[in-house]
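Summary of structural features
Residues per chain, in single letters:
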Amino acid sequence: MPPLSISFIIVSFIIVSFIIASLRMSCWGHGKLLAQTVYRSYSSMSAIMNFLWFILGGVFMGLAWWLAGLLCFLSIVGIPWGKACFVIGQFSFFPFGKEAVSRRDLHGRHDIGTGGFGTLGNVVWFIFAGIWLAIGHVVWAVGCFVTIIGIPFGIQHLKLAGIALAPIGMTVVDKDVASAARRREAEATVSRARSRD
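Read on for a plain summary of the structure. Just so you know, these numbers come straight off a predicted model, no measurement behind them.

**Concerning helix α7 (residues 175-196)**
With 22 residues, α7 ought to run about 32 Å at 1.5 Å a step, and its terminal C-alpha atoms sit 32 Å apart, in line with that. Regarding α7, the residues found buried are A178, A181 and E185. The buried side chains of α7 occupy one side of the element, clustering within an arc of 65 degrees when seen end-on. Residues of α7 that are exposed and point more than 90 degrees away from the buried face comprise E187 and R194. Buried-residue contacts for α7 involve β1 (98-102), α4 (103-107) and β2 (170-174).

In structure tokens, the structure reads:
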């Protein structure tokens, strides 16, 4: 399929999604029903983008993550890295509507992967596999940015490249959960700063 027809399909899906969402909003009025409509159109848009992501190349990087995870599991010593690979690999298959956050931010406390051992694990990971997965995501991102219409996909690849460099201590959650965790962490930081004054 030529790149122009792929671009046309992507633009058509996006336009139709926005038209449907705006029709629902104008017909149903305001309040709770409007909020539900916006959320449904956002999740519909995420589903469309995840489908396009998967068929237009996301499957390859997801499989690369799973291959790295399988190799880590085979080494026995690498089981903690393997677990992280499978979590991030699943995220790499369908990244829209989800976000990777630190488990410390999510749970409000440190665990073995967010402390000193997690840092050491990320250094070892970076040397043996992280840099290669990050390079793969950056190459895909450049390819997406060149097409202009693929810029949202390129941005996701760059986010995944950042995660590829240090995945230990990270977990994948919905975007609203991630923003709530960050807000809670920011409020805790502000309250600690005020108590010092």
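Having seen the model, we can carry on.
**Thoughts on the packing of helix α5 (residues 116-146) against helix α6 (residues 151-165)**
At a minimum axis distance of 7 Å, the contact between α5 and α6 shows a crossing angle of 170 degrees. The orientation of α5 with respect to α6, classified from their angle, is roughly antiparallel.

**Observations regarding the state of the cysteines**
Counting across every chain of the model gives zero disulfides. For the unlinked cysteine C85, the closest cysteine sulfur is that of C72, found at 4.6 Å.

**Concerning the packing of aromatic side chains**
A complete count under the given rule lists 11 aromatic pairs for this structure. Taken together, a centroid distance of 6.0 Å and an interplanar angle of 50 degrees make the contact between W66 and F86 tilted. Taken as a pair, W66 in helix α2 (residues 32-74) and F86 in helix α3 (residues 79-93) lie far apart in primary sequence, 20 residues in all. With relative accessibility at 33%, the residue W66 sits in the partly exposed group. The class for F86 is partly exposed, based on a relative accessible area of 29%.

**What to know about a nonpolar patch on the surface**
Where nonpolar side chains cluster on the molecular surface, the patch consists of V123, F126, I127, F128 and L165 and spans about 490 Å² of accessible area. A per-element tally of the nonpolar patch places α5 first, with four residues.

**Side note on the nonpolar core**
Taken as a class, soluble globular proteins show a tendency for nonpolar side chains to be buried jointly. W65, W125, L133, F153, L160 and I163 are the most contacted members of the largest nonpolar core, which has 27 residues in total. Those residues within four positions of W65 in sequence are excluded, and the remaining contacts are C85, I88, G89, S92, W125, L133, H137, L160 and A164. Core analysis: the second largest hydrophobic core is formed by five residues, L106, V173, A178 and A181 among them.

**Here's the deal with the pattern of salt bridges**
A side chain with one charge may pair with a side chain of the opposite charge, provided their charged atoms come close. Tallied over the full model, the rule gives five salt bridges. Linking D174 and K98 is a salt bridge whose minimum nitrogen-to-oxygen distance equals 2.9 Å. With a gap of 76 residues between them, D174 in strand β2 and K98 in strand β1 connect regions that are remote in the sequence. We classify D174 as partly exposed; its relative accessible area is 34%. A cluster of three or more residues bridged by salt bridges with shared partners is formed by E99, K175 and R182.

Cut-off values and rules
- Residues numbered from 1 in each chain as written.
- Predicted model: local features only at pLDDT ≥ 70, side-chain atom pairs only at ≥ 80, totals over all residues.
- Heavy atoms only, no water.
- Helix = DSSP H or I, 4+ residues; strand = E, 2+ residues; numbered from the N terminus.
- Expected span 1.5 Å × (residues − 1).
- Buried < 20%, exposed > 50% of the residue type's maximum accessible area, 1.4 Å probe, protein only.
- Arc of directions from axis to C-beta.
- Contact = heavy atoms within 4.5 Å.
- Axes fitted to C-alpha atoms, helices over the stretch in contact; angles between N-to-C directions.
- Parallel < 35°, antiparallel > 145°, perpendicular 65-115°, else oblique.
- Disulfide = S-S within 2.5 Å.
- Phe/Tyr/Trp six-rings, centres within 6.5 Å; stacked < 30°, edge-to-face > 60°.
- Patch = residues over 30% accessible without salt bridge, like charges linked within 9 Å, V, L, I, M, F, W, Y side chains within 5 Å.
- Areas by Shrake-Rupley, 256 points an atom, 1.4 Å probe, with all protein chains shown as cover.
- Salt bridge = Lys/Arg side-chain N within 4 Å of Asp/Glu carboxyl O.
- Core = buried A, V, L, I, M, F, W, Y, C linked by side-chain atoms within 4.5 Å.

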